[in-house]
Amino acid sequence: MNTASNLYLYQRKGGYLPRVAAVHDLCGYGKCSLGIAIPVLSAAGIDVCPVPTSLFSAHTRFPKFYMHDTTPMLGEYLDAWSEEGIELDGVYSGFLGSAEQVDAILRLYREYPGALRIVDPVMGDGGAKYPTYTDEMCEAMKGLVDGADVLTPNLTEASILTGIPYQSQDVDEAYIGRMMDALLSMGAKSVVLKGIVHEGEQIIRNFVSVAGGEVEEVSGELLPFMLHGTGDLFASGLTAAIYAGENLNSSVEFACALVRHAMQITPDQPDYQVRGVSFESVLGDVTALLS
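Note that the structure is a prediction, hence the values are computed from the model and not measured. (Residues numbered from 1 in each chain as written. Predicted model: local features only at pLDDT ≥ 70, side-chain atom pairs only at ≥ 80, totals over all residues. Heavy atoms only, no water.)

Colleague: Hey, could you go over the overall build of the protein for me, with residue numbers and the actual values?
Modeller: Each helix and strand in the protein was counted, giving 10 helices and 11 strands. The C-alpha atoms of the protein give a radius of gyration of 18 Å, which matches the 19 Å a tight globule of 291 residues would have. Dimensions of the protein, computed from the C-alpha atoms along their principal axes, are close to 55 × 50 × 40 Å. Burial analysis of the protein (291 residues in total) assigns 53% to the buried set. (Helix = DSSP H or I, 4+ residues; strand = E, 2+ residues; numbered from the N terminus. Rg over C-alpha atoms; globule rule 2.2 N^0.38 Å. Buried < 20%, exposed > 50% of the residue type's maximum accessible area, 1.4 Å probe, protein only.)

And the structure:
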């Protein structure tokens, strides 16, 4: 039977640096998106090729932020890549600036059919969409589920994608199974469902399943505070481990440990509650994947 423990998505060969397009927004202030993806993937020996979906002065948890939608430039941006004959080993997508940007990702899939598709469908949390996400954008995001090698939604995002009503962060095994089945039936090849917390427990649970396989649980200590950017750090750590040659289950375990380690040292920084997770000092954890 297929399981996340025996699923290896990438075989590292010699000194070759895999090339991965990171399709995310870029924030000038605050820890998230490309600001996390570029250093984390680079620390894992990945040649990161950014595709900026939006430019933000700061992330959306700040009361005041400026956003520039890069949709108008993406066609020519990717045309230039095609003309240069750029090769890619993966497409890792996250926060998008418009519904039309889904088409840019689908174009990358068509032009690089052998590239891994890692989809972090960044749309919301706690039962609510992020302020820049419209119903049209959420509907368009469903187009990235079919064929995703790895899909990494939280419960809110899984609810938006499947239409299954959001209940809370505390859900039972039947609900998790229903959600996983729905996402896999939409065409995802594997799913990592993040952030399930049972009331009264200090454990955060993630559930992993592959098409035709059983659901596996990867859990860890729940710290007594929340931080912006931990979802991006989780998905980037997961991607780093996959390209280091780890199996999917081990990659989820690594991502959990990386986030926890970064969160533990973050409170030493000023304004950490809004600025976000301080991952910089734990990049050595990522580099160690290559040893």
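Colleague: Mind laying out the packing of helix 7 (residues 230-243) against helix 8 (residues 248-265), listing which residues take part and the relevant values?
Modeller: Direction vectors running N to C along helix 7 and helix 8 enclose 140°, while the axes themselves pass 8 Å from each other. One finds that helix 7 runs oblique with respect to helix 8. Note on packing geometry: the crossing formed by helix 7 with helix 8 is right-handed. Mapping the contact onto sequence places T230, L233, F234, G237, L238, A241 and I242 in helix 7 and L248, S251, V252, F254, A255, C256, L258, V259, A262 and M263 in helix 8. Looking at the contact of helix 7 with helix 8 residue by residue, the classes come out as 14 nonpolar, 3 polar and no charged. (Axes fitted to C-alpha atoms, helices over the stretch in contact; angles between N-to-C directions. Parallel < 35°, antiparallel > 145°, perpendicular 65-115°, else oblique. Left-handed = near helix turned anticlockwise from the far one by under 90°. Contact = heavy atoms within 4.5 Å. Nonpolar A, V, L, I, M, F, W, Y, C, P; charged D, E, K, R; others polar.)

Colleague: Residues and numbers for the pattern of salt bridges, please.
Modeller: Pairs may arise between side chains of opposite charge once their charged atoms sit close together. With the rule as written, the count across this model stands at 9 salt bridges. One salt bridge in this structure joins K129 and D135, with 3.3 Å as the shortest N-O distance. Judged by its relative accessible area of 38%, K129 is partly exposed. Overall, D135 belongs to the exposed group, its relative accessible area being 58%. Linked through salt bridges whose partners overlap, the residues forming this network are D79, R107 and E111. (Salt bridge = Lys/Arg side-chain N within 4 Å of Asp/Glu carboxyl O.)

Colleague: Hey, could you go over unusual backbone geometry for me, with residue numbers and the actual values?
Modeller: The bulk of non-glycine residues show a negative phi, and the bulk of peptide bonds are trans. One non-glycine residue, S33, lies in positive phi territory at about 50°. Checked against the element boundaries, S33 lands in the loop between strand 1 (19-29) and helix 1 (34-43). Classification of S33 by relative accessible area gives buried; the value is 4%. Despite not being glycine, D271 shows a phi value in the positive range, around 55°. Residue position: D271 is located in the loop between helix 8 and helix 9 (272-275).

Colleague: How would you explain the layout of surface pockets if you had to name every residue and give the values?
Modeller: Size it by volume and the largest pocket reaches roughly 910 Å³. In this structure, the largest pocket is lined by 41 residues; those nearest its centre are D125, M226, L227, T230 and G231. Going through the elements one at a time, strand 1, strand 6 (124-125), strand 9 (190-196), strand 10 (203-210), strand 11 (216-221), helix 7 and helix 8 are the ones with two or more residues in the lining of the largest pocket. Broken down by element, the lining of the largest pocket gets its largest block of residues, 5 residues, from helix 8. Classifying every residue of the lining of the largest pocket by side-chain character gives 18 nonpolar, 14 polar and 9 charged. (1 Å grid on protein atoms, 1.4 Å probe; cavity = no way out; pocket = protein on both sides within 12 Å on 5 of 7 lines; lining within 4 Å. Points joined across faces, edges and corners; volume = space filled by probe spheres on them.)

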